[in-house]
Amino acid sequence: MVLLGLYINVVEKGVKPSITCLLNTQNKCWVKPRKRGCLSQKSTDRELIAMGKDYYRMLGVPSGSNEDEIKKAYRKMALKFHPDKNKDPNAEDKFKEIAEAYEVLSDPKKRSIYDQYGEEGLKAGGVGSSGGPGSTYHYTFHGDPHATFASFFGGSNPFDMFFGPGRSRGTTNGFDHVGGEQDMDLDMDGDEDPFSAFGRFGNGVNGFHHGGGGRRHPAEPLHRRGKLQDAPVVHELRVSLEEIFHGCTKRMKITRRRLNPDGRTARSEDKILHIVIKRGWKEGTKITFPKEGDETPENIPADIAFVLKDKPHPHFKRDGSNIIYSATICLKEALCGCTVNIPTIDNRVIPLPCTDIIKPGTVKRLRGEGLPFPKSPTQRGDLIVEFKVRFPDRIPPQSREILKQHLS
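Since the model is a prediction, treat every value here as computed from it, not as a measurement. (Residues numbered from 1 in each chain as written. Predicted model: local features only at pLDDT ≥ 70, side-chain atom pairs only at ≥ 80, totals over all residues. Heavy atoms only, no water.)

Novice: Looking at this structure, I do not really get the pattern of salt bridges. What am I missing?
Specialist: Where charged atoms from two side chains of opposite charge come close, those side chains can pair. The tally for this structure, following the rule as stated, stands at 21 salt bridges. For Glu67, the salt bridge is made with Lys71, and the minimal N-O distance between the two is 3.4 Å. Residue Glu67 and its partner Lys71 are both found in helix 2 (residues 67-81); the two are separated by four residues, about one turn of the helix. Residue classification places Lys71 among the partly exposed positions, given a relative accessible area of 31%. Lys110 is the salt-bridge partner of Asp107, the closest N and O atoms lying 3.4 Å from each other. Residue Asp107 is classed as partly exposed on the basis of its relative accessible area of 25%. One network of salt bridges, in which partners are shared, links Arg256, Arg258, Arg267, Glu269, Lys271 and Glu292. (Salt bridge = Lys/Arg side-chain N within 4 Å of Asp/Glu carboxyl O. Helix = DSSP H or I, 4+ residues; strand = E, 2+ residues; numbered from the N terminus. Buried < 20%, exposed > 50% of the residue type's maximum accessible area, 1.4 Å probe, protein only.)

Novice: Whenever I open this one, the pairing of strand 20 (residues 383-390) confuses me. Can you help?
Specialist: A regular strand places its side chains on the two faces of the sheet in alternate fashion. With eight bridges joining them, strand 16 (residues 322-330) and strand 20 adopt parallel strand pairing. Each residue of the ladder has a partner; that of Ala327, found in strand 20, is Phe387. In the sheet, strand 19 (residues 363-366) pairs with strand 20 via four bridges, with the strands oriented antiparallel. Each residue of the ladder has a partner; that of Leu366, found in strand 20, is Leu383. (Pairing = 2+ DSSP bridges.)

Novice: Explain the packing of helix 2 against helix 3 (residues 91-105) to me, please; I cannot follow it from the model alone.
Specialist: The angle between the axes and the distance between the axes are what describe a pair of packed helices. Running from amino to carboxyl end, helix 2 crosses helix 3 at an angle of 165°, the nearest separation of the two axes being 9 Å. Between helix 2 and helix 3, the interaxial angle falls into the category roughly antiparallel. Between helix 2 and helix 3 lies a crossing whose hand is left-handed. Judged by residue contacts, Ile70, Lys71, Tyr74, Met77, Ala78 and Phe81 of helix 2 engage Ala91, Lys94, Phe95, Ile98, Ala99, Tyr102 and Leu105 from helix 3. Looking at side-chain class alone, the contact of helix 2 with helix 3 contains eleven nonpolar, no polar and two charged residues. (Axes fitted to C-alpha atoms, helices over the stretch in contact; angles between N-to-C directions. Parallel < 35°, antiparallel > 145°, perpendicular 65-115°, else oblique. Left-handed = near helix turned anticlockwise from the far one by under 90°. Contact = heavy atoms within 4.5 Å. Nonpolar A, V, L, I, M, F, W, Y, C, P; charged D, E, K, R; others polar.)

Just distances and angles here, no functional claims.
Below, the structure is given as structure tokens:
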């Protein structure tokens, strides 16, 4: 490992603290523990701690960057070094480093520990923000930069327009939403357009609209070297409304055939697919894992896809981002008024006063008590209460006369 010694003097309010940092070619350095964005004479007296990666340098941002700046930097760097666009031999490693840096710096707890103790302190067991007993925190990167990429872009694969759905390379977790539910939200900075290598399009494609009338680069064909890709293998994936409300990750074990190094014989291989389901995703959303099917000398492995299907719920029905609850009341309550306790998807109970006459089919709305919107998970749909009125089987004669007098 080649180490480069670097000596930095920083001038701040007349004080000249010194920071010594040893860098190597893997973006690693020995750093002094310090608070983010702050240098002081006191911090220069601390001892150097264990060697670790410089996540800020990986994303190209200063240590005092806010959340939006971290996201903007990851968006630009991830699109720039995505292996489907960048054919540099080191692009895959760079893409993975960027994902790990974003996973740490976008999480306040991980970032706080990293800023104090560096990468080694974060992964070896840095002390949590509370600093009390039992607050030791261990972090390990999950190792799949494509899962981070897919999660960041809301489940859409921006490279589908060039390579066709599910054409991401390697063991990516590409996402393809049926019906174009979610558009890409790209932040283009002039010459930093990450899609510049693909030329310009006159028409909008998959939510993108590039000006100009430049030459269009054709999508990569599904055959290469005479091989054809097998048809996608599609499975139905049932999820509960609670899982859609909170978001979840499902693990699916698959067994597939993989070629041996000789290129002729094959072996059976097990793999766990991590299916990231984001909050509010709608039924019919399609999640694609490219080229995870069986491999033979004559074919390109098929894509494996999962299509979300809502599980029946004992209390609610789903209507997009709204959920519907059916409340049954008796005739007396419908005529004289009542308070109905309405359950919610997050296990609360909301008292709903009904002072007006309730007719069969009456509908009331509880705003913001439904499922998250897919494009804006912090906002929610409504909980719709549909009323059913239960009529008595018989009425005593004296009661019938009273009703005739008062309801005529």
